[in-house]
Amino acid sequence: MTASIQDMASAIRFLALDSILNAGEGHQGVPLGMAEIAATLYARHLKVDPTAPLWPDRDRVVLSNGHGSMLLYALLHLSGYAHVSLDALKSFRRLGSVCAGHPEIEQDAGIEITSGLLGQGIACAVGMAAAEARLAARFGPDLVDHRTWAFVGDGCFQEGIGQEAISLAGHLQLGKLTFLWDDNHITDDGDTALAISEDVPARFRAAGWHVEAVDGHDIEAVSAALDAAKADPRPSMIACRTVIARGIPRLQGRRGGHSAPLTPEDSAEARQALGWPHAAFDIPDAVRGHWQNAMAGGSAARAAWEARLESHPQAETFRDWTEARLPEDWGALATRLAASAAEAAEDKATILASGDVCDALAGALPETLVLCADLEAPTNHKRSRTAFTASDRAGSYIHCGVREHLMGAMADGIAAHGGLRPVNVTYFAFSDYERPAMRMAALMGLPALFVFSHDSIGVGSNGPTHQPVEILASFRAMPNMRVFRPADAVETAEAWQIAMETRDGPSLLALSRQPARAVRRTATENLTRKGAYLISGDDGPRDLTLLATGTEVGLAMEARGLLAEAGICAAVVSMPCWELFEAQDERYRAEVLGTAPRIAVEAALSFGWERWLRPEDRFIGMTGFGASDRSEALYEHFGITAERIAEIGRTLVPLRAASAR
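Residues numbered from 1 in each chain as written. Predicted model: local features only at pLDDT ≥ 70, side-chain atom pairs only at ≥ 80, totals over all residues. Heavy atoms only, no water.

K.L.:
I tried to follow the nonpolar core on my own but got confused; where do I start?
P.N.:
Soluble globular proteins tend to bury their nonpolar side chains together. The biggest cluster of nonpolar side chains holds 79 residues, and the ones touching the most others in it are Phe179 and Trp209. Considering every element that reaches this core, the biggest residue donor is helix 6 (residues 120–139), with 12 residues. If you look at the next biggest cluster of nonpolar residues, it comprises 66 residues, including Ile5, Ala23, Ala38 and Tyr42. (Core = buried A, V, L, I, M, F, W, Y, C linked by side-chain atoms within 4.5 Å. Buried < 20%, exposed > 50% of the residue type's maximum accessible area, 1.4 Å probe, protein only. Helix = DSSP H or I, 4+ residues; strand = E, 2+ residues; numbered from the N terminus.)

This is the structure:
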């Protein structure tokens, strides 16, 4: 058996080498160094069925050291994933290939998540393990009983997000999570001793992990460590001492083993050194047979699982969750939530309005899972929810502590895992900690919801460190990220509805700490779907158009009244989501924007507003960082007031022009 696994490892090693040599570039260090580890995992311990790559109860495999992508592609090809053919391997790193330079999510092909930014992969894996635990608590082990495995490099542990992942996974005792560390003592710069001298396994032990240390090229030792990991209730880290680029005499154990260009001579010497006489991309039938036999256990497990599902009393609910189906009465429920906010007509901070919706959905959408970074009281999204803990997996609120880097990536992992709807909650200024994960969510098209409070200078006396004047623009610039800045409680409820219905990308809610004026008094239609709409002044010709988002819509409405006293008819346009507005047809956009002079109002920098403003139009907002004082004092200080809007409006629309309408 050990001999057959060694042959399986050799197949990984040489498919990777051949693909990298064929492409002319790549990172051979990981696949050549971790071949025995990966082959052992797949041969004896992994539960997957390549003929059913989306089977909900499959084990998840994450290649966190994503530069070593040929390890994953070789594994998927040899395991029998149809999308990862020999032709796909031969197109490694080429346009349109499933075998991209770093793994890009394509779960039909067995690629569970996009990875490459070191540390993001293991943090996503923590989210996957948490998702499995939450679903297992809801549906039981007959339907949910799988593990999450992550291949990991030194860089994943050196990045700060790595320590956050170690800490929280240990605290939550996510016992079905295992990291396989490629402990080769080499980084791109050279020996790891250049930059690190700590006892890495001790970090894990201190955080409550089970730790094993083995020779990563000793198949039986690796297998025994994997058995121990499966038997231990704690998360596990297996430190696998390896030789980078093992098998290439010129590069193994050296800095160049990471990604130095390969030569045909390297291939020939490796084949001779490791006793692999086969031509490039040629895998003997006997070796392919070993791989096929290794996958038989997963196929049998899936067949047994499907039989259990058919007779399970919760089968339909399980399918609802895993297929992301909304309740049959979803439209009516969402309308009631918005209508309730409209009837209340209450000036309320939109973060509190968001909490209202989140609490209402705790029962209607119990698959929502809220993650919050030590801000339960000021964000108010826990309420009736109970905590997900090491002793109670049924909770739908994870206290992530002050670990936003991890929390954002966990949301990605939960969304990629499927079955749950992650809701990430913190302050908007802290979104910069989450930006890499949010970018990855957008890149992967994951339906994660990122809810942020304290969206502007309205934060008040906490000062400019907590006043995100530039962050709105930065996320609006991010492809496939829908950014919502609701004007009031009604728009907040509408934004939530859209986010829950969106399956092809993440949504961001930028919400206020300070009360937002109730500007929507009816909610028979979800107007936020249009991205922007006339909230006032749609009943005739206009002299001026006021464009605003968030709490500044209330200021624009107040300014409209002041302008009316001067004989100027101003229309007010609320623009809660630019991305949705851009998706409307040109005629609708023209009707909303009109031809009259425009003033845009937003308590943020002007970057991006040139999309909606012409050279002769004006912007009222921020030109730099904020300051420390009460919210109302800051709005006055920076000139973001109804009076200022009206003053500038009067300069754009002379009275004689208004009287001549």
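K.L.:
Help me understand the packing of aromatic side chains, please; the structure alone is not making it clear to me.
P.N.:
What characterises a pair of aromatic rings is the spacing of the ring centres plus the angle enclosed by the ring planes. Tallied over the entire structure, the rule returns 22 aromatic pairs. With centroids separated by 5.4 Å and ring planes inclined at 25°, the aromatic side chains of Tyr427 and Phe430 adopt a geometry described as stacked. The two residues Tyr427 and Phe430 agree in class, both being buried. Judged by centre distance (6.3 Å) and plane angle (25°), the rings of Phe428 and Phe475 are stacked. Of this pair, Phe428 sits in the loop between strand 11 (421–427) and helix 18 (431–444) while Phe475 sits in helix 19 (residues 471–476), and the two are 47 residues apart along the sequence. Phe428 sits in the buried class, given a relative accessible area of 0%. By relative accessible area, Phe475 is classed as buried at 0%. A connected cluster of aromatic rings, assembled from ring pairs, spans Trp578, Phe581, Tyr588, Trp609, Trp612 and Phe619. The residue whose ring lies beneath Arg435 is Phe475, and the NZ or CZ to ring-centre distance is 4.2 Å. One Lys or Arg, Lys530, reaches over the ring of Tyr588 and ends 5.1 Å from the middle of that ring. (Phe/Tyr/Trp six-rings, centres within 6.5 Å; stacked < 30°, edge-to-face > 60°. Lys NZ or Arg CZ within 6 Å of the ring centre and 35° of its normal.)

K.L.:
Help me out: how do you make sense of the sheet that holds strand 17 (residues 544–548) in this one?
P.N.:
Strand order in the open sheet formed by 5 strands is 16-18-17-19-20, with mixed pairing between adjacent strands. The sheet terminates laterally at strand 16 (533–536) and strand 20 (618–621), the two strands that pair on one side only. Going across the sheet, the axis of each strand differs from the next one's by a mean of 30°, ignoring polarity. Here strand 16 pairs with strand 18 (residues 570–574) via 3 bridges, running antiparallel. When the bridges of strand 18 are listed, Tyr533 appears paired with Ser574. The strands touched by helix 21 (residues 552–565) are strand 16, strand 17, strand 18 and strand 19 (598–602); relative to strand 17, the strand with the most contacts, the crossing angle is about 160°. The sheet contacts of helix 23 (residues 586–593) involve strand 16, strand 17, strand 18 and strand 19, and relative to strand 16 the element is tilted by about 25°. (Pairing = 2+ DSSP bridges. Axes fitted to C-alpha atoms, helices over the stretch in contact; angles between N-to-C directions. Contact = heavy atoms within 4.5 Å.)

K.L.:
I tried to follow the side chain of Arg13 on my own but got confused; where do I start?
P.N.:
With respect to the secondary-structure elements, Arg13 resides in helix 1 (residues 2–23). What makes Arg13 buried here is its relative accessible area of 1%. For Arg13, the contacting residues outside a window of four places in its chain are Gln6, Leu32, Ala35, Glu36, His217, Arg246 and Leu274.

K.L.:
What is the right way to read the sheet that holds strand 1 (residues 60–63) from this model?
P.N.:
Strand pairing in a sheet relies on backbone hydrogen bonds, with the paired strands running either antiparallel or parallel. With parallel pairing, 5 strands are arranged side by side in an open sheet as 1-2-3-7-6. Every other strand in the sheet has two partners, leaving strand 1 and strand 6 (210–215) as the edge strands with one partner each. Taking each pair of neighbouring strands and ignoring which way they run, the sheet shows an average axis angle of 15°. In terms of strand pairing, strand 6 meets strand 7 (residues 236–241) through 6 bridges, oriented parallel. In the sheet register, Glu212 faces strand 7, and the bridge partner there is Ile238. Across the sheet, helix 10 (residues 219–231) is in contact with strand 2 (148–152), strand 3 (177–183), strand 6 and strand 7; its angle to strand 6 comes to roughly 170°.

K.L.:
How should I be thinking about the side chain of His312 in this particular structure?
P.N.:
Structurally, the position occupied by His312 is in the loop between helix 12 (285–311) and helix 13 (315–322). Look at His312 and you get buried, because its relative accessible area is 17%.

K.L.:
How do you make sense of helix 1 when you look at a structure like this?
P.N.:
Side chains of residues three or four places apart in an α-helix project in the same direction, reflecting 3.6 residues per turn. For helix 1, built from 22 residues, the straight-helix expectation of 32 Å at 1.5 Å per residue is met to within 8% by its first-to-last C-alpha distance of 32 Å. For helix 1, a buried count of 16 out of 22 residues is recorded, marking the element as mostly surrounded by other parts of the structure. (Expected span 1.5 Å × (residues − 1).)

K.L.:
Sorry if this is basic, but what is going on with the confidence of the model for the protein here?
P.N.:
Should pLDDT be low for a region, the predicted coordinates there are not to be read in detail. Mean pLDDT over the protein stands at 97; residues scoring 70 or higher make up 99%. With pLDDT under 50 throughout, residues 655–661 is counted as low confidence; its partners more than four residues away or in other chains account for 8 contacts. (pLDDT = per-residue confidence, 0-100.)

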